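Structural overview for review
Single-letter residue listing:
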Amino acid sequence: MNLYKKLIAAAAMILTMTAAHATQTADSVTVIKNPAKVVITNSADGHTKVEVFESDHSSDTDIMFGKNNPTRLSLGKRGHVLFFNGIFGGMVFPTDEPKGMLPSWEIGVTHLLGYGYRTGRYTPELSAGIGFAYRWYNVGNGYRIDRQADRMELIPVNTGEAIYKSPNSRFTTSSFLLSFSLKQKIYRKLYFMASAILDFNFYTDAFFEYKDHETGSVKTKINYKGFHQRIMRCDLMATIGFSGIAGVYVRYSPTPVFKDSYGPKFEQIAAGISLFF
């Protein structure tokens with residue numbers, strides 16, 4: 001009798017274990033063809049961690065900070081948030097050469113905050129973002145800034161004004177940027193990026209400095225505000241370099257800074273260095 005009870009108990013245990021095993025969910029398998037990088041890490045406790053990177057900036061994890069570019073946060077396998085991406089600075093050259101205009105400067109960032117997406121490992125990356133730019137335009141070579149009613153003019157320096165430095169005048173612009181970019185891998189970390197940028201100019205000012213001939217040492221500075229700048233302009237930018245590190249850019253702006261008849265009319269070309277693009 002005891003033997004029968006033991007056999008029945010053993011059979012019941014075997015059936016219970018079989019049912020439990022049958023109800024377990026099968027392990028899922030993800031196949032990644034041609035991974036960009038595989039990282040194997042051996043820990044001190046004897047465990048081994050394997051990370052498979054499907055592309056240069058994404059892995060099989062859901063959310064992670066990119067190791068190759070500290071200015072992007074990967075979301076899944078294709079999309080990523082961009083922050084402080086595309087910091088740029090360089091020289092600005094007026095193409096129409098209005099009298100008195102000198103080489104000038106600019107600084108800014110195209111993707112202070114943005115989002116990038118790519119459909120595959122070898123496909124271009126599309127991105128959009130918001131940023132800002134600050135530009136200062138130098139005036140000199142015997143000319144200075146003057147204001148006539150609502151219009152900015154570049155006029156010859158008066159005989160009673162002793163210019164003690166060049167440039168003696170400058171006008172600046174501050175802008176919000178809305179950037180749309182296409183980025184293509186050329187070879188390994190070498191990339192090319194083309195961007196169309198909407199430039200929203202929200203503030204423009206100017207000043208002129210001189211010393212009077214009679215006093216000889218008294219410096220006078222005249223400030224001007226309230227100009228009729230164009231609220232929106234369009235720029236085209238091309239960048240080539242090493243992704244996540246640095247590159248060089250060229251920017252072309254066919255739209256004048258000022259509205260018609262309210263200031264010097266000129267197009268501009270800029271060139272300089274871009275970081276974390």
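Structure first, text after, so check above.
Notes on the structure follow. (Residues numbered from 1 in each chain as written. Predicted model: local features only at pLDDT ≥ 70, side-chain atom pairs only at ≥ 80, totals over all residues. Heavy atoms only, no water.)

**Topic: the packing of aromatic side chains**
Counted under the stated rule, the structure contains seven aromatic pairs. Centroid distance Tyr134 to Trp136: 5.5 Å. Interplanar angle 40°. Geometry classified as tilted. Overall, Tyr134 belongs to the partly exposed group, its relative accessible area being 31%. With a centroid separation of 5.5 Å and 55° between ring planes, the pair formed by Phe171 and Phe258 is classed as tilted. (Phe/Tyr/Trp six-rings, centres within 6.5 Å; stacked < 30°, edge-to-face > 60°. Buried < 20%, exposed > 50% of the residue type's maximum accessible area, 1.4 Å probe, protein only.)

**A short note on the environment of Thr123**
Tracing the backbone through its elements, the reader meets Thr123 in the loop between β6 (104–118) and β7 (125–139). A residue is classified by how much of its surface remains accessible, and Thr123, at 26% relative accessible area, is partly exposed. With 61 residues separating them in the primary sequence, Thr123 and Gln184 have C-alpha atoms 7.2 Å apart. Not counting residues up to four positions away in its chain, the partners in contact with Thr123 are Arg118 and Gln184. (Helix = DSSP H or I, 4+ residues; strand = E, 2+ residues; numbered from the N terminus. Contact = heavy atoms within 4.5 Å.)

**Quick word on the pattern of salt bridges**
Taken as a whole and judged by the stated rule, the model has eleven salt bridges. Here Arg144 makes a salt bridge to Asp146, at a shortest N to O gap of 4.0 Å. On the basis of relative accessibility, which here comes to 6%, the residue Arg144 falls in the buried class. The exposure class of Asp146 is buried, given its relative accessible area of 11%. Between Arg147 and Asp150 there is a salt bridge, and its shortest N-O distance comes to 3.9 Å. The partly exposed category is assigned to Asp150, whose relative accessible area is 37%. Salt bridges sharing partners connect three or more residues here, namely Glu106, Arg135, Asp199, Arg233, Asp235 and Arg251. (Salt bridge = Lys/Arg side-chain N within 4 Å of Asp/Glu carboxyl O.)

**Re the nonpolar core**
Membership of the largest hydrophobic core comes to 17 residues, with the highest contact counts inside it found for Met101, Tyr137, Ile145, Met152, Phe171 and Ala206. Residue assignment for this core shows that the elements contributing at least two residues are β7, β9 (151–156) and β12 (190–212). At three residues, the largest contribution of residues to this core is made by β12. For Met101, the residues in contact, after removing those within four places along its chain, are Pro94, Tyr137, Asn138, Val139, Leu154, Phe171 and Phe266. The next biggest cluster of nonpolar side chains, apart from the first, holds six residues, and it includes Phe88, Leu177, Ile197 and Met237. (Core = buried A, V, L, I, M, F, W, Y, C linked by side-chain atoms within 4.5 Å.)

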